[in-house]
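Here's the letter readout for the chains.
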Amino acid sequence: MGKVNFCMLFGLFFFLQRHLVVRGEEECRLIGKFDIHGFVESKDHELIIGGMFPFHFRTILTNESSWEEPKSPKCEGFNFRSLRWARAMMHAIREINNRTDILPNITLGYQIFDTCFTISKAVEDTLTYLTGQNETMPNFRCSAGAPLAAVIGAGGSALSIATARIFGLYYFPQVGYFSSCSVLSDKFQFPSFLRTIPSDAYQSKAMAQLVIYFGWTWVGTIAADDDYGKYGIKLFKEEVEKVGICISFSETLPRIYNKEAILKIVEAVRKSTANVIVVFSTDIDLSALMEEMANTNITGKTWIASEAWITSALIAKPSYFHLLGGAIGFGVRKGNIPNFEKFLHEVHPENTEDDLLYEFWENAFNCTYHADRKALYTDRVNDTIEREKHISSRHCIGNERLRDINNTYTDVSELRITYSVYKAVYTVAHALHNLDTCVPGAGPFPSKSCAYILDFEPWQLMYYLRHVKFSTFSNESVWLDDSGDVEAYYDILNWQMHDNGTINFMNIGLYTGSLLGYDMKITNSSIFWNTVSGQSPHSVCSESCLPGTRKGIRQGEPVCCFDCIQCAEGEITNGTDERECIACLSDYWSNAARNECVLKEVEFLAYEEALGITLIALSVFGALIVIAITVVYVMHRKTALVQANDRELSFLIQFSLIITLLTSILFVGKPVEWSCMARQTTLALGFSLCLSCLLGKTIVLMLSARAAKSKTPGKGGTLMRPLYQKLVGLIGLSIEVGVTTAYLILYPPWVYKNMESQNVKIILECNEGSIEFLCSMFGFDVFLAILSFITAFVARKLPDNFNEAKFITFGMLVFFIVWISFVPAYLSTRGKFKVAVEIFAILASSFGLLGCIFVPKCYIILIKPERNTEEIVGGRAATNDKSAPPTSASMTSEINNTTISTVVLDE
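Because the structure is a prediction, the values reported are computed rather than measured.

Colleague: How should unusual backbone geometry be read in this particular structure?
Modeller: It is generally the case that most residues other than glycine have a negative phi and that most peptide bonds are trans. Here the bond from Gly-153 into Ala-154 is cis, since omega is 20 degrees, no more than 30 degrees from zero. Among the secondary structure elements, Ala-154 is positioned in the loop between strand S8 (148-152) and helix H4 (157-169). With a phi angle near 60 degrees, Asn-339 is a residue other than glycine that sits in the positive phi range. Mapping Asn-339 onto the fold places it in the loop between strand S15 (328-332) and helix H10 (340-345).

Colleague: Help me understand the packing of helix H5 (residues 200-213) against helix H6 (residues 227-241) in this model?
Modeller: Where H5 meets H6, the axes come as close as 8 Å, and the angle between the chain directions of the two elements is 45 degrees. Here H5 is positioned oblique relative to H6, judged by the angle of their axes. The handedness of the crossing between H5 and H6 comes out as right-handed. Between H5 and H6, the contacting residues are Asp-200, Ala-201, Gln-203, Ser-204, Lys-205, Met-207, Ala-208 and Val-211 on the first element and Tyr-228, Gly-232, Leu-235, Phe-236, Glu-239 and Val-240 on the second.

Colleague: What is the right way to read the packing of aromatic side chains from this model?
Modeller: The relative placement of two aromatic rings is captured by the distance of their centres and the angle of their planes. Applying the stated criterion across every chain, the model contains 47 aromatic pairs. Taking the ring centre of Tyr-489 as reference, the NZ or CZ of Arg-333 above it sits at 3.8 Å.

Colleague: Looking at this structure, how should I read the sheet that holds strand S13 (residues 276-280)?
Modeller: Pairing between the strands of a sheet comes from backbone hydrogen bonds, and it takes one of two forms, parallel or antiparallel. Strand order in the open sheet formed by 8 strands is S12-S11-S13-S14-S15-S20-S21-S22, and the pairing between neighbours is mixed. The two strands at the open ends of the sheet, each matched to only one other strand, are strand S12 (246-253) and strand S22 (517-522). Neighbour to neighbour, the strand axes of the sheet diverge by 25 degrees on average, direction disregarded. Pairing analysis gives 5 bridges linking strand S11 (residues 218-224) to S13, with the strands arranged parallel. In the strand pairing of S13, Ala-223 is matched with Phe-280. Taken strand by strand, helix H7 (residues 259-271) contacts S11, S12 and S13, and its axis lies near 165 degrees from that of S12.

Colleague: What am I meant to see in the side chain of Ser-306 here?
Modeller: Mapped onto the secondary structure, Ser-306 falls in the loop between strand S14 (302-305) and helix H9 (321-324). Its relative accessible area of 0% is what places Ser-306 among the buried residues. Excluding residues that lie within four positions of it along the chain, Ser-306 makes contacts with Gln-203, Met-207, Tyr-228, Val-279, Phe-280, Ser-281 and Phe-330.

Colleague: Would you take a moment to explain the pairing of strand S7 (residues 108-114) for this structure?
Modeller: With 7 of 7 residues buried, S7 lies mostly within the body of the structure. As paired elements, strand S3 (residues 38-41) and S7 share 4 bridges and run antiparallel to each other. Looking across to S7, one finds that Gly-38 is bridged to Phe-113. Where strand S4 (residues 47-53) and S7 come together, 7 bridges link them in parallel fashion. Across the sheet, the residue bridging to Phe-53 is Asp-114, located in S7.

Colleague: Quick question: what am I supposed to make of the pattern of salt bridges here?
Modeller: Close approach of charged atoms allows side chains with opposite charge to pair. In the structure shown here, the tally under the stated rule is 22 salt bridges. With its nearest N and O atoms 3.0 Å apart, the salt bridge here joins Lys-264 to Glu-251. Separated by 13 residues along the polypeptide, Lys-264 in helix H7 and Glu-251 in strand S12 bring together distant segments of the chain. A relative accessible area of 51% means that Lys-264 is categorised as exposed. A salt bridge links Arg-270 to Glu-267, with the shortest nitrogen-to-oxygen separation between them at 3.4 Å. Residue Arg-270 and its partner Glu-267 are both found in helix H7; the two are separated by 3 residues, about one turn of the helix.

The rules behind the values
Residues numbered from 1 in each chain as written. Predicted model: local features only at pLDDT ≥ 70, side-chain atom pairs only at ≥ 80, totals over all residues. Heavy atoms only, no water. Helix = DSSP H or I, 4+ residues; strand = E, 2+ residues; numbered from the N terminus. Axes fitted to C-alpha atoms, helices over the stretch in contact; angles between N-to-C directions. Parallel < 35°, antiparallel > 145°, perpendicular 65-115°, else oblique. Left-handed = near helix turned anticlockwise from the far one by under 90°. Contact = heavy atoms within 4.5 Å. Phe/Tyr/Trp six-rings, centres within 6.5 Å; stacked < 30°, edge-to-face > 60°. Lys NZ or Arg CZ within 6 Å of the ring centre and 35° of its normal. Pairing = 2+ DSSP bridges. Buried < 20%, exposed > 50% of the residue type's maximum accessible area, 1.4 Å probe, protein only. Salt bridge = Lys/Arg side-chain N within 4 Å of Asp/Glu carboxyl O.

This is the structure in structure tokens:
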């Protein structure tokens, strides 16, 4: 669903580009606008930094009619945690503006938009950054205020992947603070994406090392249905499988709430004997599962958490502790941002026009603002604002104080993602500062030039971002590698319960990783285990191996479990817990369950299957056409066109085409000794007779061509008598008969059971015996075809009324094309399709010869009988009829006002 939305909105972006309405010479107007909310402070600032945060958990699904203008969806489910992230961005920008050592002459503003934790909204935000939202402005990016320098966001990995593809088209800088998916390190796909959170390539390895450290060999996995979850859990599986750890179950959290899918995961956890479950998901995607599992009696499981939910207040609820207590997870680097808590408390809806703050205030204090200050971000139906169901109707009086409540927004005890946002802003600021302080003549761009801070290209800022390096207030060194990633640093956290009933994230260790390796330290004595014994859970595999599988013992490793390895193809086990698989006999193969040997399927091109019936029908149809042409020839045997260039040879060619067409029937059906011996030899003899007769015809045409080119009438060459033409055909056929006879006597073909091509089938086919004899047979046919083509090609341009040489040339070209194409197709196929390819080549070449040589003549005989006269065929009379193709076997040529006729009529 997310990919579909992305593609649709990506197309909309280009649609908007192509449909800007121009006013005057420089103005532009967007024909569509998105319903986007957030925080904007862009006036009186030289540069703007964009930000994308999921202030809401989801969009509101609506069933819009096709006859109404589509509207940008609204959102619901306020996210306090994301508001804190956005406030961290504002706080960082305010700090930078107050500092004199960073951008001393430049002030930064911000444009922060809500992604609603959906790809569609994130893409809307992206298009808004690139095109703007004002009705008219004198440039392409129709936005007010200072130019946009970079964007911080877009939150989750799936959102950043969607937006980074668009920003990457313009090489527009994007710095992620919460998008850890490993695929974002691919600079070919995401050239302008950088981040201040470590890549999941490190976190997945850290999770695998944690599982290995405690000796767990039987674990379950749960992943979010997005790139973050799928790539993260995939890398984890790859790491643990290297050391023989088994995966008990692997489930995927639904992206959109689905009760049935959630219950399926709950049931998988309940039934599994694995006591360790690895979860790669965001807190929003995981919340529905945890809410459902909290109502069950599932206990004794140890959960391994990714950084996206280990410290989330949405999951870290005391009511979940009986289920998730003792969970171990990885948290990104923590930072105590100076003066940040005070900055959080300064917010008040009365001091701003930002509608999100009104909604925040209502959710934080469970009250409702008066009519003119109601939250504007919820859905409207019939001009009535639908309130969040959990919000009280009590009116907000305006003097509520954030210091008096304790929620996720005001909680500054675990500033991890918040600190990542803070570093992302400073990363952009330091890059801008380096760009601003560039010394002309020593710059990194062509001719050692520098970029101007108020008018630079996105790619110029990208250079400085890729080379940025600075230290934070805590002396943490921030720099990016070639993939745009920071060095991996994770605190290993353990869920424990405070005496006051709140959840404490106890730091029990540290994991650092880089391209050179990793280092992990864990304090075992500090860990709380949610087990009956209070010790590390014992998670091993104990299920029996069912029939069709065998036990696979891992040598040299702790015997924690054994794998149930499916027997290889052709092997079975018919009992449980078998250690070895039994190989099936040569004529048998294992079934899909690998618990029984069954007879192999025998494959050949049968008469009763559709392919065989079709090919036979084509063969018979072709033979009938040839017979019909023969009947036409017999009925008009006294006409000049039939008598031209040896009538008997024409009948022999027709007879040979019938043989070749019907020979294909021998290739269909179960191969037997006689059919294997007959099919290739009959085919070779048929083509030999056909090509020998054609050669007899084309030799006459070539001699006629020589006569036509002679400047002295009657001295251009000697014409061949019809008897000699027949002798050419007889000699060619005799040579082929000799070769085929020797072939059948010395190395005849036989029926062969081919078991090598496919293990599950026996391919019944003909072994052709001697490849040398087979090549000799068909090689002689090729030789005849080449001679026929050359002689016909020489005579192709005879200036006559009916040029048979031209059509013989076309026929031979078709013949060559078919058989040249046949060779790679034949060698690349197996089984019955290999036979079908050869039949198709036989039919195609036969139909090609038939169509090129005889169909044009039949057209003259049947449709244009007035042209079938001795005068026209003999070239003694001209014709003005251009509707019929020149297709006969005669030639006339005027040389020195003299007509030379080269027609050879039967004597």
